[in-house]
Amino acid sequence: MANGVEKTTGRGIMGAVVDGSSRIGKEQKVAMKMAVRDFNNSNNQSFFLQIQDSQGQPLQAALAAQELTDRQKVQAILGPQRWEEASLVAEVASQARIPIISLADATPVWATERWPFMVQASSNQDLQMRAIAAIVHSWEWYHVTVIYEDNGSSMVEGIPLLSDSLREVGAEISRLLPVPPSVSSMVKELEKIKQDHCRVFLVHLSVPLAIRLFQKANEMGMMKKDYVWITTNAFTSLIHSINTSTFPSMQGIVGVRSYFPDKKPQFQDFDKRFETLFASEYPEEDINKPGIYAVQAYDAAWALCLAMKESYSKDGQHLLGNILTNDFDGLSGQIHFINQKLAPADKFQVINVVHRRYTELGFWSDRLGFSKSVHEGSAYNSCMKNLGHIFWPGDSESTPRGWAIPTNSKPLQIGVPNMSSFKQYVNVVHNPINNNNSFEGFAIDLFKATVASMPYFLHYKFISFQGTYDNLVEQLHLKKFDAVVGDVALVASRCEHAEFTYPYTESVLVMIVPVQARTSKRELLFIKPFTKAMWALALAINLYNGFVVWMIERNYCPEHRGSVLNQIGIMIGLSFTTLFSLQGEKLHSNLSRMAMVVWLFVALVITQTYTANLTSILTVTGLEPTVADVQSLQNSNSMVGYCRGSFVTRYLTEVLRFRSENLKSYKSPDEYAQGLRSREIAAAFLEAPFAKLFLTKYCNEFIAAGPTYKVGGFGFVFPRGSPLVHDVTKALLNVSEHGKLQELEKAMLASEKCVDVKSEDEISSLSPSSFWVLFILTGGTSTVALVSYLIQRRKMIWRLILAIMIGKKQLSRRNSNVESPANSVGIIEFSMQP
């Protein structure tokens, strides 16, 4: 019975340690009192809350916890908001073997292992860092400067989380800037970051220090266009409590803060009562609205009351178990614990400071992205741009680039390779008189054109580098150079240290070999001048014309008669013999003469064209590569050449499987040519731009053979995460689209111009399309002659029939006088003459 009474009208003492000098501590104190009072009233309990003030000092927090455990005999402690204080309170509570519900903004992962009575009741900082990384990624920023409080703050624990989150989206922390509380030191630190190229600043400071920072930054001109300021939960979650008179120095700030459902009736009731109590207890405060810290403190105190209500003993371990089994709908959302930590809230609100107020842009949810609301059916997007218009610093409507080059900064140090095999691409010329280097070539000219098309001035200086291309790219990682310009190929291994722009050359590897005279299929060379269709049509029209002439002339020439086989032979022979002589004296009909004259004219044109094209083919040397493919080189164990210092040697051995002893490096086109002529090497492997230059100069001796192999192409190189990569790539594409790149390449190739020799395969065979008018002319003429002949023939037949009918009548009248067959034949023959 005693236990039952204790459960329904139970008494219990709980303690709390808060920083009464801070806005967070004030909100927590009022909220905890409200929670205990509300719980007692609704559950017929009489729990008592003892609150100690740490005054923001870790040692004072430890002494306050000692007071609560030793003298007040509390059953549990609600811990302070700052981790420096919470860790000491946790040590005291663990020694007393009572639970501590920590409200610290960042609790280390190992904390619950060291202090087994600790329960984390604050939001997870890991998700906050991922929300910030999502904002950075949305606007394509790649470097972030982190500004945090130099007092061992919780940001020290959050930096690795932020770094990992940024790395996942291709960005990185460029500088960590601990800000001391003194104003003079703060100005010095701001001067440092003002000289940096990075213009994206992440501020993780307490409200008073952040306000001083923004005021000084505004005075130093760092709240203008192209600057980006992002604030974390430490500042943004208290922005509701900041006096609006300070907002003019914060224009364009984008902030992230923990989300809680402030539209629920439960919170609306809490809000009204909180404002009344807060105003009465802290009349010096201008704004009385509660924030996330008040909500979390209320839920933590309610969870402790629930656990104490269910406890039948004052054993700390038993009470801890009851706390961890809590599961209820609190002001901040659903309250339940996993591994002694509050289940992480997966939503954050994004705000934007505009003039004398702040606007709520939207929300970010873990694994979903950004949305304008958190209601069911809301549209989510991985990019923040869909939240609408953002007000940036300097009243700028355009999105800040996130970086800039200060006017007083030193020029970019750009490395240029000094060992290029093809000087047309990049050439370093040393002047011994003044001991200076001049830089020229296609890559240098292209970079200058690219920089000239950028929307801002880029101060740079070329520096010669003697070494391999891999070593040159590695200098970017070692901070020796800010960029590399030259014939540097995009290779996977080099991307470990650098980032490449869009390739400005073809991305293939070409095999170059000597040429030799072509000997294959010479026996059929005589048919090369005409296509198969042309040969077929010429034969058909020739036979057709021969048929027409034979048809017309057969009545005049007895030799054109005889057996069918004999007449076919005569017709075919007539078709071809007429090509070489007019034979006008042998033709008896004007129709056949007309058809033959036109055909002979057409035949003359065709034969002359055939002769000219065949002569051209016979006088041109047919060329073919001496090596067909890579397999032929490997089977014959041949030597091959490559550019010294390039990645090609690795590609040949690792990808194409050449033996390293069969590779020989060269440093100039002339050395390549000499090596191929002397058969020192059987082939040379060059990147496409080099191959184009080489073949332009030696087009009569060498040729590209075999398949091409896809590689990276040439590009400009920058350190990983460099903000220049995006702008230079965009400018390079602009130069290419406006034809400047092609112009520079054409000028380079013109200096190596060579008249190439065509092979027989390049001499096109003539098709019927070249002679269709002539074929229609001769075919039409022959057809007209044939039709005319047939019409005349038809008239002759009718005359013959008429003559026969007349002859029969005469026979009937003259029975005694019969005409001889010979005369009949003579009449017939006479009548058939045209």
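Residues numbered from 1 in each chain as written. Predicted model: local features only at pLDDT ≥ 70, side-chain atom pairs only at ≥ 80, totals over all residues. Heavy atoms only, no water.

### Describing the overall build of the chain
Then, in step 1: Within the chain one finds 26 helices and 29 strands.
Then, in step 2: The buried share among the 834 residues of the chain stands at 50%.
Then, in step 3: Counted over contacts in the chain with a minimum sequence separation of 6, partners at least 24 positions apart contribute 73%.
Then, in step 4: Carbon and sulfur atoms make up 55% of the accessible area of the chain, which totals about 39800 Å². (Helix = DSSP H or I, 4+ residues; strand = E, 2+ residues; numbered from the N terminus. Buried < 20%, exposed > 50% of the residue type's maximum accessible area, 1.4 Å probe, protein only. Contact = heavy atoms within 4.5 Å. Areas by Shrake-Rupley, 256 points an atom, 1.4 Å probe, with all protein chains shown as cover.)

### A short note on the pairing of strand E8 (residues 200–204)
Then, in step 1: Burial runs high along E8: 5 of the 5 residues are buried.
Then, in step 2: Bridge analysis of strand E6 (residues 143–149) against E8 gives 4 bridges, and the strand direction is parallel. When the sheet's bridge partners are listed, Val146 is paired in E8 with Leu202.
Then, in step 3: Two strands pair when backbone bridges link them, and E8 and strand E9 (residues 228–231) are joined in this way by 4 bridges, in the parallel orientation. Each residue of the ladder has a partner; that of Phe201, found in E9, is Trp229.
Then, in step 4: Assessed by its sense of winding, the connection that carries the chain from E8 through helix H9 (residues 207–219) to E9 is right-handed. (Pairing = 2+ DSSP bridges. Right-handed = clockwise from strand over helix to strand, strands pointing away.)

### Description of the packing of aromatic side chains
Then, in step 1: Summed over all chains, the structure comprises 42 aromatic pairs.
Then, in step 2: On the numbers, 5.6 Å between centres and 80° between planes, the contact of Phe214 with Trp229 is edge-to-face. Linking Phe214 in helix H9 with Trp229 in strand E9, this pair joins segments that are 15 residues apart in sequence. The pair formed by Phe214 and Trp229 is uniform in burial state, with each residue classed as buried.
Then, in step 3: The lysine or arginine in question, Lys664, covers the ring of Tyr666, its NZ or CZ lying 5.8 Å from the ring centre. (Phe/Tyr/Trp six-rings, centres within 6.5 Å; stacked < 30°, edge-to-face > 60°. Lys NZ or Arg CZ within 6 Å of the ring centre and 35° of its normal.)

### Overview of the sheet that holds strand E16 (residues 369–371)
Then, in step 1: Pairing in this open sheet of 8 strands is mixed, and the strands run E7-E6-E8-E9-E10-E14-E15-E16 from one edge to the other. Lying at the two open borders of the sheet, with one neighbouring strand each, are strand E7 (172–179) and E16. Taken pair by pair, the neighbouring strands of this sheet meet at an average axis angle of 25°, ignoring direction.
Then, in step 2: Across 2 bridges, the pairing between E9 and strand E10 (residues 254–258) is parallel. Along E10, the bridge assignment pairs Ile230 with Val254.
Then, in step 3: Relative to E10, helix H6 (residues 125–138) is tilted by about 155°, and along the sheet it contacts E6, E8, E9, E10, strand E14 (347–354), strand E15 (357–365) and E16.
Then, in step 4: Strands E6, E7, E8 and E9 of the sheet are contacted by H9, whose axis makes an angle of about 175° with E9. (Axes fitted to C-alpha atoms, helices over the stretch in contact; angles between N-to-C directions.)

### Notes on empty space enclosed by the protein
Empty space among the atoms can be located by rolling a probe the size of a water molecule over them.
Then, in step 1: Tallied over the entire structure, the rule returns 4 cavities of 30 Å³ or more.
Then, in step 2: Here the largest cavity defines a volume of roughly 140 Å³.
Then, in step 3: For the lining of the largest cavity, the secondary structure elements donating two or more residues are H6, helix H10 (233–236) and helix H12 (292–310).
Then, in step 4: Per-element accounting of the lining of the largest cavity gives the leading share, 3 residues, to H12.
Then, in step 5: Split into classes, the residues belonging to the lining of the largest cavity amount to 5 nonpolar, 9 polar and 1 charged. (1 Å grid on protein atoms, 1.4 Å probe; cavity = no way out; pocket = protein on both sides within 12 Å on 5 of 7 lines; lining within 4 Å. Points joined across faces, edges and corners; volume = space filled by probe spheres on them. Nonpolar A, V, L, I, M, F, W, Y, C, P; charged D, E, K, R; others polar.)

### Structural notes on the pairing of strand E26 (residues 663–666)
Along a regular strand, successive side chains alternate from one face of the sheet to the other.
Then, in step 1: Looking at chain direction, strand E25 (residues 640–643) and E26 are connected through 4 bridges and run parallel. Bridged to Cys643 within E26 is Tyr666.

### Focus on unusual backbone geometry
Negative phi is the rule for most residues except glycine; trans is the rule for most peptide bonds.
Then, in step 1: We note that Asn44 has phi near 55°; this positive angle belongs to a residue other than glycine.
Then, in step 2: In this fold, Asn44 is placed in the loop between helix H2 (23–43) and strand E2 (46–53).
Then, in step 3: Here the phi dihedral of Arg657 falls at roughly 65°; this positive angle occurs in a residue that is not glycine.
Then, in step 4: Here Arg657 shows up in the loop between helix H20 (648–654) and E26.

### Details of the pattern of salt bridges
Then, in step 1: What the rule picks out here adds up to 33 salt bridges.
Then, in step 2: We note a salt bridge from Glu85 to Arg82, for which the minimum N-O separation is 3.2 Å.
Then, in step 3: A relative accessible area of 1% means that Glu85 is categorised as buried.
Then, in step 4: With relative accessibility at 25%, the residue Arg82 sits in the partly exposed group. (Salt bridge = Lys/Arg side-chain N within 4 Å of Asp/Glu carboxyl O.)

### What to know about the nonpolar core
In summary, soluble globular proteins display a tendency toward joint burial of nonpolar side chains.
Then, in step 1: Of all hydrophobic cores here, the largest spans 79 residues; its most connected members are Ile147 and Trp229.
Then, in step 2: For this core, the element with the most residues is H12, which contributes 15 residues.
Then, in step 3: The contacts of Ile147, once residues within four sequence positions are left out, are Leu177, Val179, Ile193, Phe201, Leu202, Val203, His204, Leu205, Leu213 and Trp229.
Then, in step 4: Core analysis: the second largest hydrophobic core is formed by 75 residues, Phe439, Phe442, Phe658 and Ala688 among them. (Core = buried A, V, L, I, M, F, W, Y, C linked by side-chain atoms within 4.5 Å.)

### A closer look at H12
Then, in step 1: The end-to-end C-alpha separation of H12 is 27 Å, in line with the 27 Å expected for 19 residues at 1.5 Å each.
Then, in step 2: H12 sits mainly inside the fold: 17 of its 19 residues count as buried. (Expected span 1.5 Å × (residues − 1).)

### Considering the packing of helix H14 (residues 442–452) against helix H24 (residues 740–750)
The relative placement of two packed helices comes down to the angle between their axes together with the axis-to-axis distance.
Then, in step 1: Remark: H14 packs on H24, axes separated minimally by 10 Å, with the N-to-C direction vectors making an angle of 155°. Judged by the inter-axis angle, H14 sits roughly antiparallel to H24. For the pair H14 and H24, the sense of crossing is right-handed. Every residue of H24 that contacts H14 at Phe442, Asp445, Leu446 and Ala449 is listed here: Lys740, Leu741, Leu744, Glu745 and Met748. (Parallel < 35°, antiparallel > 145°, perpendicular 65-115°, else oblique. Left-handed = near helix turned anticlockwise from the far one by under 90°.)

### Structural notes on a nonpolar patch on the surface
Then, in step 1: On the surface, Phe526, Ile527 and Trp535 cluster together into a nonpolar patch covering about 270 Å² of accessible area.
Then, in step 2: Mapped onto the fold, Phe526 is located in the loop between strand E23 (508–517) and helix H16 (532–553). (Patch = residues over 30% accessible without salt bridge, like charges linked within 9 Å, V, L, I, M, F, W, Y side chains within 5 Å.)

### A short note on the confidence of the model for the chain
Then, in step 1: Of all residues in the chain, 84% attain a pLDDT of 70 or more, and the chain-wide mean is 82.
Then, in step 2: Confidence, read as mean pLDDT per element, is least for helix H1 (residues 2–8) in the chain (32) and greatest for E9 (96).
Then, in step 3: Long-range and interchain partners of residues 1–10, a stretch whose pLDDT sits below 50, account for 16 contacts in this model, where long-range means more than four residues apart. (pLDDT = per-residue confidence, 0-100.)

### What about H14?
Then, in step 1: Most of H14 is tucked away, with 8 of its 11 residues classed as buried.
Then, in step 2: For H14, the elements touching its buried residues are strand E17 (412–417), strand E19 (436–440), strand E20 (460–465), helix H23 (724–737) and H24.

### With respect to the packing of helix H8 (residues 183–194) against H9
Then, in step 1: Look at H8 against H9: their axes get within 10 Å of each other, and the N-to-C directions meet at 55°. With respect to each other, H8 and H9 are oriented oblique. When you trace H8 past H9, the crossing you get is right-handed. Contacts between H8 and H9 pair Val183, Met186, Val187 and Leu190 from the former with Leu209, Arg212, Leu213, Lys216 and Ala217 from the latter.
Then, in step 2: Of the residues belonging to the contact of H8 with H9, the class tally is 7 nonpolar, no polar and 2 charged.

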